[in-house]
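Residues per chain are reported as follows:
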Amino acid sequence: MKVNVIGLGYIGLPTSLMLASHGVEVIGTDYNKELVATLKSGKTTFEEKGLDELFMEAVNKGIKFTNEYIENDLYIIAVPTPYEKDNKKIDPNYIIKAVESVKKVAHKGAILVIESTVSPGTIDKYVRPLVKDSELHLVHAPERIIPGNMVYELKHNSRTIGADDVKVGEIVKEMYSSFCEGNIVVTDIRTAEMTKVVENTYRDINIAFANELAKICRSDNMDVYEIIKIANMHPRVNILTPGPGVGGHCISVDPWFLVGDYPGLANIILAARKINDSMPEFVLERIHDIMKEKGMTDLSRVGLYGLTYKENVDDVRESPTLQLLENMERHLATPLKVYDPWVKKTIVKNQYFEFDKFLNDVDFVVIMVGHSELRNGMEKIKDKVILDTRNICNLPGTYKL
Ligand code: SAJ
């Protein structure tokens, strides 16, 4: 079986490498010339545990990268699905463009697997009309892997395959079985679409519950972490961890699809989104309160540790730190200092690339992300005022959410 993976980003790249390293003939296509040139030169395009090793294996097994769309038996489309900020509906344009490009080269009976996350009904509404007279088979197999542990999860997570035709679903199942050791369930397309969005919404709601508890406990001087720890000893309670907000391209985005498509019905989902989106502002209020308590007035002596949306990844999309800085920009230009060991390019004002220089210029460190660098070198900040939004710092006097 030959597979053409379209879109070589956070999902398409590891998936194509995994297939190739397990003996499937793979061509990876991306319209970004620079990205393809980097891959061809033997380098990966983002940092992820185990990705470089997997890349070497796939290259040795003959994976190819190109800007072209190739005539083939099976296509996997893994392109971004942003949402429109004003009406919260999915923007299917990347998928539409990819499907149109594939249609030009694909032969009759070829299978088109869409891995990108889409809201329920998107495939019927936008993709099906495009392929209606082309005799291509449509499948939706949403990805499920978590950044930071992608290579492991690609191999071990179970998967969902939505297909119109069970026989086609079984062919796709066999393709994923080349590397996937989890259960692979074959169902219909709408169920697969909805299941994926439901999974991320479930997590968003549960994080929102933890964040709301943090706010309640702060308002009445209770220790939310102690309370969650004890509550979680109950066999049927498993509360997640409060934090400075929810970022990333998945959990902070997918629930909006349900809110946008089912206004009036998606109520808990909307409330959860609002709570999680309010957390960066809550952190900002904590910063101001602590500064007042300490008699500090100079915001330019405050430093945010971490710019990525979570620990030990280099992805900054929708990150709580960026949300916080954007909130501030609306009121006044932000003098806050920022440092993240995983971010090598300048993306915000007052950004540092060396931990020691950053520490020289601040008196107050706000831990926004729990990168290993900090967890393993916590004593470096022992003389600072500390606000720890991730509950990773045991130094005396540390303020929590
Ligand atoms: N977070 C908290 N408290 C927690 C857990 C997470 O504040 O207890 C925050 C994180 O710091 C981060 C955000 O939530 O800002 C999301 O992080 P995450 O690690 O929970 O999830 P993602 O966005 O990296 O990956 C999710 C995963 N979905 C689920 O766990 C249901 C992954 O399996 C999906 O493949 C991915 O979304 C996706 O692409 O849809």
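Thresholds applied
- Sequence order sets the numbering: in each chain, residues are counted from 1 along the sequence as written.
- Reporting in this predicted model follows two pLDDT cut-offs: at least 70 for local features of residues, and 80 or more for side-chain atom pairs to be given and counted; totals over whole chains, interfaces and linings ignore these cut-offs and use all residues.
- Derived side-chain values reflect all non-hydrogen atoms in the structure, with water molecules and hydrogen atoms excluded from consideration.
- Buriedness of a pocket was judged along seven lines, with at least five required to meet protein on both sides within 12 Å; pockets are open sets of points on a 1 Å grid over the protein atoms alone, cavities are sets where a 1.4 Å probe fits but cannot get out, and lining residues have an atom within 4 Å of a point.
- Grid points are joined across faces, edges and corners, and a volume is the space filled by probe spheres set on the points.
- Under this grouping Gly is polar, as are all residues other than the nonpolar Ala, Val, Leu, Ile, Met, Phe, Trp, Tyr, Cys and Pro and the charged Asp, Glu, Lys and Arg.
- Proximity is defined per residue: if any heavy atom of the residue lies within 4 Å of a molecule or strand, that residue is considered near it.
- Two N or O atoms count as a polar contact when they lie within 3.5 Å, although within protein this holds only if one can serve as hydrogen donor and the other as acceptor, and sequence-adjacent residues are included solely when both atoms are side-chain atoms.
- Here the Shrake-Rupley method, with its probe set to 1.4 Å, supplies the accessible areas, and only the displayed protein chains count as covering residues.
- Each molecule is assigned to a cavity or pocket provided more than half of its atoms lie within 2 Å of the corresponding grid points.
- Any residue with relative accessible area above 30% and no salt bridge may belong to a patch, with like charges joined within 9 Å and the nonpolar Val, Leu, Ile, Met, Phe, Trp and Tyr side chains within 5 Å.
- Salt bridge criterion: a side-chain nitrogen from Lys or Arg within 4 Å of a carboxyl oxygen from Asp or Glu.
- In this description a helix means any DSSP run of H or I spanning at least four residues, a strand means any run of E spanning at least two, and both kinds are numbered starting from the N terminus.
- With a 1.4 Å probe rolled over the protein chains alone, any residue whose accessible area is under 20% of its type maximum counts as buried; one over 50% counts as exposed, and the rest are partly exposed.
- For two strands to pair, DSSP has to find at least two bridges joining them.
- Axis definition: a line fitted to C-alpha atoms, over the contacting stretch in the case of helices. Angles run 0 to 180 degrees between N-to-C directions.
- Centres within 6.5 Å are what make two rings of Phe, Tyr or Trp a pair, Trp counting through its six-membered ring; a difference in plane orientation under 30 degrees is then read as stacked, over 60 as edge-to-face, and the rest as tilted.
- Definition used: whenever NZ (Lys) or CZ (Arg) falls within 6 Å of the ring centre and also within 35 degrees of the ring normal, the charge is taken to sit over that ring.
- Throughout, the term roughly parallel applies to angles under 35 degrees, roughly antiparallel to angles over 145, roughly perpendicular to angles from 65 to 115, and oblique to all others.
- Left-handed is the label given to a crossing in which the near helix is rotated counterclockwise from the far helix by less than a right angle, and right-handed is the label when the rotation is clockwise.
- Contacts between residues were defined by any pair of non-hydrogen atoms, one from each residue, lying within 4.5 Å.
- Buried residues of nine kinds, namely Ala, Val, Leu, Ile, Met, Phe, Trp, Tyr and Cys, make up a nonpolar core once their side-chain atoms join them within 4.5 Å.

## Focus: empty space enclosed by the protein
- Here the structure, examined in full by the defined rule, presents 1 cavity of 30 Å³ or more.
- Reported here for the largest cavity is a volume of approximately 60 Å³.
- Lining of the largest cavity is provided by I11, T15, E115, E143, R144, I145, E153, L154, N157, S158, R159 and C180.
- Counted by class, the lining of the largest cavity contains 4 nonpolar, 3 polar and 5 charged residues.

## Thoughts on the site of the ligand
- In the vicinity of the ligand there are 20 residues, among which E143, K196, N200, R203 and Y309 approach most closely.
- A distance of 2.6 Å is found between an oxygen atom of the ligand and a side-chain nitrogen or oxygen belonging to N200.
- Taken by itself the ligand offers 780 Å² of open surface, and the protein chains cover 89% of this.
- Of all the cavities here, the one that holds the ligand is the second largest pocket.
- Of the residues in the shell around the ligand, the class split is 9 nonpolar, 4 polar and 7 charged.

## Some points on a nonpolar patch on the surface
- On the surface, I216, M222 and I227 cluster together into a nonpolar patch covering about 250 Å² of accessible area.
- As for its position among the elements, I216 is in helix α8 (residues 189–219).
- Using a relative accessible area of 44% as the deciding quantity, one classes I216 as partly exposed.

## Quick word on the sheet that holds strand β2 (residues 25–29)
- Reading across from one edge, β3-β2-β1-β4-β5-β6-β7-β8 is the order of the 8 strands in this open sheet, with mixed pairing throughout. Only two strands of the sheet have a single partner each, and these edge strands are β3 (64–66) and β8 (184–187). Pairs of neighbouring strands in the sheet enclose a mean axial angle of 25 degrees, with direction left out of account.
- Looking at chain direction, strand β5 (residues 111–114) and strand β6 (residues 137–140) are connected through 4 bridges and run parallel. Note on β6: the bridge partner recorded for L112 is L138.

## A closer look at the layout of surface pockets
- In this structure, the second largest pocket encloses a volume near 960 Å³.
- Around the second largest pocket sit 33 residues that line it, and I146, R203, I207, I251 and K310 are the ones nearest its centre.
- Of the residues contributing to the lining of the second largest pocket, the split by class is 14 nonpolar, 9 polar and 10 charged.

## Digging into the pattern of salt bridges
- By the definition in use, this model includes 16 salt bridges.
- Its salt-bridge partner being R273, residue D204 comes within 2.8 Å of it at the nearest N-O pair. In this pair, D204 sits in helix α8 while R273 sits in helix α11 (residues 267–294), placing the two residues 69 residues apart along the sequence.
- Judged by relative accessible area, R273 falls into the buried class, the value being 0%.

## Looking at the packing of aromatic side chains
- Scanning the model with the defined rule gives 8 aromatic pairs in all.
- Between Y352 and F358, the ring centres sit 5.9 Å apart and the planes meet at 65 degrees, which makes this aromatic pair edge-to-face. The two residues Y352 and F358 agree in class, both being buried.
- Following the ring pairs from residue to residue traces out a cluster consisting of Y305, Y339, Y352, F355 and F358.
- Residue placement shows R159 over the ring face of Y176; its charged tip is 4.0 Å from the ring centre.

## Overview of unusual backbone geometry
- Positive phi values are uncommon outside glycine, yet N312 reaches one of about 55 degrees.
- Inspection of the secondary structure puts N312 in the loop between β9 (302–305) and α12 (320–331).
- Even without a glycine there, the phi angle at E318 is positive, about 55 degrees.
- Residue position: E318 is located in the loop between β9 and α12.

## Concerning the packing of α11 against α12
- Two elements in contact, α11 and α12, have axes separated by 9 Å at closest approach and are oriented at 65 degrees. Taken together, α11 and α12 sit at an angle that is classed as roughly perpendicular. The way α11 lies across α12 gives a crossing that is right-handed. Counting all contacts with α11, which are made through D277, P280, E281, V283 and L284, the residues of α12 involved are P320, Q323, L324, N327 and M328.

## Some words on the pairing of β9
- Side chains V302 and L304 project from β9 onto one buried face, and the interleaved G303 and Y305 project onto a second face that is buried too.
- Relative to strand β12 (residues 364–367), β9 is paired through 4 bridges, and the arrangement is parallel. The residue of β12 that forms the bridge with Y305 is I367.
- Pairing of β9 with strand β10 (residues 337–339), which is carried by 3 bridges, proceeds in the parallel orientation. Its bridge partner being in β10, G303 is matched across the sheet by K337.

## Quick notes on the nonpolar core
- Counting 41 residues, the largest nonpolar core has L17, L19, F65, I76, V113 and Y176 as the members making the most contacts within it.
- Of all the elements, helix α1 (residues 12–21) adds the most residues to this core, at 5 residues.
- Once you skip the residues sitting within four places of it in the chain, V113 turns out to touch L74, Y75, I76, I77, V139, A141, V172 and Y176.

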